[in-house]
Amino acid sequence: MSLFFTHIRCTLALMVVAFAGCLPWEHTHVERVGDDKLLQVQTFQDSSFIEYIFLEQPLGQEIIDRNVWQRIDETVIPVELRDHYRTNGIRVGVVGVNTSPEIANLVAQNGKHNGPRSKQFSVFEDTTLPMNQIHGELEVPVYHITGNATTLKKRLVRFFIRVSVRPQANGSVIVKLTPEFSASEHELFPAGMPSLNDNAMQRKPTELLSALEMEIPLGPREFLVLGTDSLRPETLGHKVLVERKGDQQIQNLLVIRAGYNGDPSKFIGDE
């Protein structure tokens with residue numbers, strides 16, 4: 001079991017026993033993460049990493065739609081950008097590892113079948129997290145920071161979230177998230193919607209939605225949280241983070257922990 005899951009389970013236990021015992025993450029420098037075997041994958045020097053989980057709840061549940069955001073710091077995003085993201089149906093913020101019983105409970109519910117997962121990559125590269133919803137016919141506005149909007153109108157759309165991690169000399173990182181998508185101009189399949197295993201849906205993402213690029217500072221003891229609002233079905237954020245499973249709509253909350261495996265002092269002057 002990864003330490004991501006262990007730490008959040010420990011958080012839940014802390015709240016049950018009035019914060020007695022179980023004190024994870026005694027280290028303060030992210031370069032020690034490799035030594036502590038944070039990731040359950042082979043590590044290599046001078047690399048960025050993320051550990052993440054998609055927390056799922058039926059659409060509109062209070063815990064994921066409202067309650068969890070009471071302990072998430074959204075002020076890490078400047079107010080103008082925060083309003084811009086909210087207009088597009090996106091909420092983003094940061095929470096400390098020991099401060100959210102709601103996230104701890106959601107991880108306990110989702111962890112056995114839905115993660116967490118980990119990825120490791122060069123500091124000069126990025127990675128993508130695919131979403132599992134295929135939109136047969138999509139038409140949704142994309143609002144720009146200027147207030148203008150363009151319309152994303154495509155067929156057979158699958159969304160992804162591109163992630164990069166930029167180390168900082170103080171041991172923190174800057175996490176950049178950018179929604180992107182692939183689309184197909186093929187006619188809809190005669191038998192209905194294609195599955196994720198069909199060739200038409202296996203293509204790599206082709207277009208970045210740069211208007212919704214986000215950069216969030218993240219410390220070694222913090223999680224980045226990305227979500228949407230169930231009451232904004234007309235927005236891009238809703239299309240990206242809400243998916244249908246069977247006869248039920250599922251709302252996703254993406255929780256990411258990120259860091260750098262190496263000596264961060266080489267990045268002095270990069271902040």
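Owing to the predicted nature of the structure, the values given are computational and were not obtained by experimental measurement.

Draft legend 1. Structural detail: the overall build of the protein. Scanning the protein from terminus to terminus reveals five helices and eleven strands. The proportion of buried residues among the 271 residues of the protein is 50%. Sequence separation of 24 or more characterises 76% of the internal contacts of the protein that already satisfy a separation of 6 or more.

Draft legend 2. Region of the structure containing the environment of Phe223. With respect to the helices, strands and loops of the structure, Phe223 is situated in strand β9 (residues 222–227). Placed 151 residues apart in sequence, Phe223 and Ile72 show a C-alpha to C-alpha distance of 9.4 Å.

Draft legend 3. Expanded view of the pattern of salt bridges. Under the criterion given, the structure shown has 15 salt bridges. A salt bridge links Glu137 to Arg155; the nearest nitrogen and oxygen atoms lie 3.3 Å apart. Of this pair, Glu137 sits in strand β4 (residues 127–143) while Arg155 sits in strand β5 (residues 149–167); the two residues are 18 residues apart in sequence, bridging distant segments of the chain. With relative accessibility at 52%, the residue Glu137 sits in the exposed group. Between Glu243 and Lys245 there is a salt bridge, and its shortest N-O distance comes to 4.0 Å.

Draft legend 4. Molecular detail of unusual backbone geometry. Of note, Asp46 is a non-glycine position whose phi angle comes to about 55 degrees, a positive value. Considering the arrangement of structural elements, one finds Asp46 in the loop between α1 (3–16) and β1 (47–58). Here Asp46 falls in the partly exposed class, since its relative accessible area comes to 30%. A positive phi angle is found at Leu156, which is not glycine, with a value near 50 degrees.

Draft legend 5. Structural view of the pairing of β5. For β4 and β5, the ladder comprises 13 bridges, and the chain directions are antiparallel. Pairing of Pro141 across the sheet is with Thr151, part of β5. Taking the residues between adjacent antiparallel strands as the criterion, β4 and β5 are bridged by five residues, where Gly147 takes a positive phi near 100 degrees. In this structure, β5 lies alongside strand β6 (residues 173–182), joined through ten bridges in antiparallel fashion. Across the sheet, residue Ile161 finds its bridge partner in β6, namely Pro179.

Draft legend 6. Seen up close, the packing of aromatic side chains. In this structure the tally under the stated criterion is three aromatic pairs. Summarising the aromatic geometry, the rings of Tyr52 and Phe54 are spaced 6.2 Å apart at their centres and angled 85 degrees between planes, so their arrangement reads as edge-to-face. Taken individually, Tyr52 and Phe54 each receive the classification buried, so the pair is uniform in this respect. Ring geometry for Phe159 versus Phe181: centroids 6.3 Å apart, planes at 70 degrees, classification edge-to-face. Linking Phe159 in strand β5 with Phe181 in strand β6, this pair joins segments that are 22 residues apart in sequence. For the pair Phe159 and Phe181, one class covers both residues: buried.

Draft legend 7. Main features of the confidence of the model for the protein. Of all residues in the protein, 74% have pLDDT values of 70 or greater, and the mean over the chain is 80. Per-element mean pLDDT across the protein ranges from 48 in α1 up to 97 in helix α3 (residues 79–87). Below a pLDDT of 50 lies the segment residues 11–41, which in the model reaches 62 contacts outside its immediate sequence neighbourhood of four places, other chains included.

Draft legend 8. Spotlight on the environment of Leu212. Relative to the helices and strands, Leu212 is located in the loop between β7 (207–208) and β8 (214–218). With 124 residues separating them in the primary sequence, Leu212 and Asn88 have C-alpha atoms 8.2 Å apart. Contact partners of Leu212, with chain neighbours within four places excluded, come to His84, Tyr85, Asn88, Ile90, Tyr143, Leu177, Pro179 and Leu236.

Conventions used here
- Residues numbered from 1 in each chain as written.
- Predicted model: local features only at pLDDT ≥ 70, side-chain atom pairs only at ≥ 80, totals over all residues.
- Heavy atoms only, no water.
- Helix = DSSP H or I, 4+ residues; strand = E, 2+ residues; numbered from the N terminus.
- Buried < 20%, exposed > 50% of the residue type's maximum accessible area, 1.4 Å probe, protein only.
- Contact = heavy atoms within 4.5 Å.
- Salt bridge = Lys/Arg side-chain N within 4 Å of Asp/Glu carboxyl O.
- Pairing = 2+ DSSP bridges.
- Phe/Tyr/Trp six-rings, centres within 6.5 Å; stacked < 30°, edge-to-face > 60°.
- pLDDT = per-residue confidence, 0-100.

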